[in-house]
Amino acid sequence: MTEQDLPSNTVKDPDTWATGEETMTGAQASYLKTLSEEAGEPFDETLNKAQASKRIDELQSSTGRGKNH
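Keep in mind that what you see is a predicted model, and the values were worked out from it rather than measured. (Residues numbered from 1 in each chain as written. Predicted model: local features only at pLDDT ≥ 70, side-chain atom pairs only at ≥ 80, totals over all residues. Heavy atoms only, no water.)

Section: the packing of helix H1 (residues 26-39) against helix H2 (residues 49-63)
For any two helices packed against each other, one specifies the crossing angle of their axes together with the interaxial distance. Interhelical geometry of H1 versus H2 gives an angle of 35° and a closest axis separation of 9 Å. You can see that H1 and H2 cross each other, and the crossing is left-handed. The segment H1 lies against H2, with Gln 28, Tyr 31, Leu 32, Leu 35, Ser 36, Glu 38 and Ala 39 engaging Lys 49, Ala 52, Ser 53, Arg 55, Ile 56, Leu 59, Gln 60, Ser 62 and Thr 63. In terms of residue class, the contact of H1 with H2 is built from 7 nonpolar, 6 polar and 3 charged. (Axes fitted to C-alpha atoms, helices over the stretch in contact; angles between N-to-C directions. Helix = DSSP H or I, 4+ residues; strand = E, 2+ residues; numbered from the N terminus. Left-handed = near helix turned anticlockwise from the far one by under 90°. Contact = heavy atoms within 4.5 Å. Nonpolar A, V, L, I, M, F, W, Y, C, P; charged D, E, K, R; others polar.)

If you want it as structure tokens, here you go:
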């Protein structure tokens, strides 16, 4: 069994984050803006942390960037 096969307690559903309703972080905004540009999608600067995380996941999937592509 490799480290990648082990369950992670660091991966949590953004809907359950205690700080999910806070304004997205600077790092999230920067990465989301880059992904949005690559995908030809509009960048929404009003997203909160949880929404930004979900949008990043969506755009990573559509651009092939990030997660295990």
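Examining H2
Residue pairs spaced three or four apart in an α-helix point in one direction, given the helix's 3.6 residues per turn. Over its 15 residues, H2 runs 21 Å from end to end, which matches the ideal 21 Å to within 8%, given 1.5 Å per residue. Buried within H2 are the following residues: Lys 49, Ala 50, Ala 52, Ser 53, Ile 56, Leu 59 and Gln 60. Buried residues belonging to H2 abut H1. Two to three positions downstream of the cap, the backbone nitrogen of Ala 50 sits 3.1 Å from a side-chain oxygen, assigning the N-cap of H2 to Asn 48. Looking one or two residues past H2, Gly 64 carries a phi angle of roughly 80°, positive in sign. (Expected span 1.5 Å × (residues − 1). Buried < 20%, exposed > 50% of the residue type's maximum accessible area, 1.4 Å probe, protein only. Polar contact = N/O pair within 3.5 Å; in protein donor to acceptor, adjacent residues only side chain to side chain.)

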